[in-house]
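The residues making up each chain are set out below.
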Amino acid sequence: MHAEIIPGQERPVNRELWGSLQWHIGGVSHGWTGITVGRVTFEPGQANPRHLHPNCDEIPHVLEGELEHSLQDGSTGLLRPGDSIVIRHGLKHQARNVGTGRAVALVIFNDADRQVVGE
């Protein structure tokens, strides 16, 4: 067993129309096979596209703001700072910032090769 320190240097930010994604740990480029960790930011009133992950579960953990998560069965849940939701692989979902400021979440996936299928 060993531990690896991941340097805190600036990581690239993927800008989207609704906000941004910044990957911290994971992906085959880091040599990890079991986890992906990132930071997602939603601008006020914006939502990411409805999508699913066929190969991994997702756990968003809200750090700032309010995010409404809608699931394929029509249910919704409001998450505030400190709240998390477990979204199982294959479940269509979408997050929307319903607050007045930016919403920020830590997102964790149980696979380094996080796959996304959009609607």
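Residues numbered from 1 in each chain as written. Predicted model: local features only at pLDDT ≥ 70, side-chain atom pairs only at ≥ 80, totals over all residues. Heavy atoms only, no water.

Draft legend 1. View of the environment of Leu63. For Leu63, the position within the fold is in strand β5 (residues 58-64). Placed 46 residues apart in sequence, Leu63 and Leu17 show a C-alpha to C-alpha distance of 21 Å. When residues no more than four places from it in sequence are discounted, the contact partners of Leu63 are Arg39, Pro81, Val104, Ala105 and Leu106. (Helix = DSSP H or I, 4+ residues; strand = E, 2+ residues; numbered from the N terminus. Contact = heavy atoms within 4.5 Å.)

Draft legend 2. The side chain of His69, seen in detail. Along the polypeptide, His69 turns up in strand β6 (residues 67-71). In this structure His69 comes out as buried when scored by relative accessible area, which is 3%. If we skip the residues at most four places from it in the chain, His69 touches Pro60, Ser75, Thr76, Gly77, Leu79, Ile85, Ile87, Gln94 and Ala95. (Buried < 20%, exposed > 50% of the residue type's maximum accessible area, 1.4 Å probe, protein only.)

Draft legend 3. Region of interest: the sheet that holds strand β1 (residues 14-15). Taken in spatial order, the five strands line up as β1-β2-β3-β9-β5 in an open sheet, and their pairing is antiparallel. A single partner strand is all that each edge strand has here, and the edge strands are β1 and β5. Here strand β3 (residues 36-42) runs beside strand β9 (residues 103-109); their pairing, made up of seven bridges, is antiparallel. Looking across to β9, one finds that Thr41 is bridged to Val104. (Pairing = 2+ DSSP bridges.)

Draft legend 4. Spotlight on the packing of aromatic side chains. The tally for this structure, following the rule as stated, stands at two aromatic pairs. The ring of Phe109 carries the charged tip of Arg114 above its face, separated from the ring centre by 5.2 Å. (Phe/Tyr/Trp six-rings, centres within 6.5 Å; stacked < 30°, edge-to-face > 60°. Lys NZ or Arg CZ within 6 Å of the ring centre and 35° of its normal.)

Draft legend 5. Focus on the pattern of salt bridges. Evaluated as defined, the whole model comprises three salt bridges. When the shortest N-O distance is used, the salt bridge between Arg102 and Glu43 registers 2.9 Å. Taken as a pair, Arg102 in the loop between β8 (93-97) and β9 and Glu43 in the loop between β3 and β4 (51-52) lie far apart in primary sequence, 59 residues in all. On the basis of relative accessibility, which here comes to 52%, the residue Arg102 falls in the exposed class. Judged by its relative accessible area of 27%, Glu43 falls in the partly exposed class. Between Glu66 and Arg80 there is a salt bridge, with the nearest N and O atoms lying 2.9 Å from each other. Of the two residues, Glu66 sits in the loop between β5 and β6 while Arg80 sits in the loop between β7 (76-79) and β8, which places them 14 residues apart along the sequence. For Glu66, a relative accessible area of 26% corresponds to the partly exposed category. Overall, Arg80 belongs to the partly exposed group, its relative accessible area being 42%. (Salt bridge = Lys/Arg side-chain N within 4 Å of Asp/Glu carboxyl O.)

Note that every value here comes from positions in space, so none of it alone points to a role or purpose.
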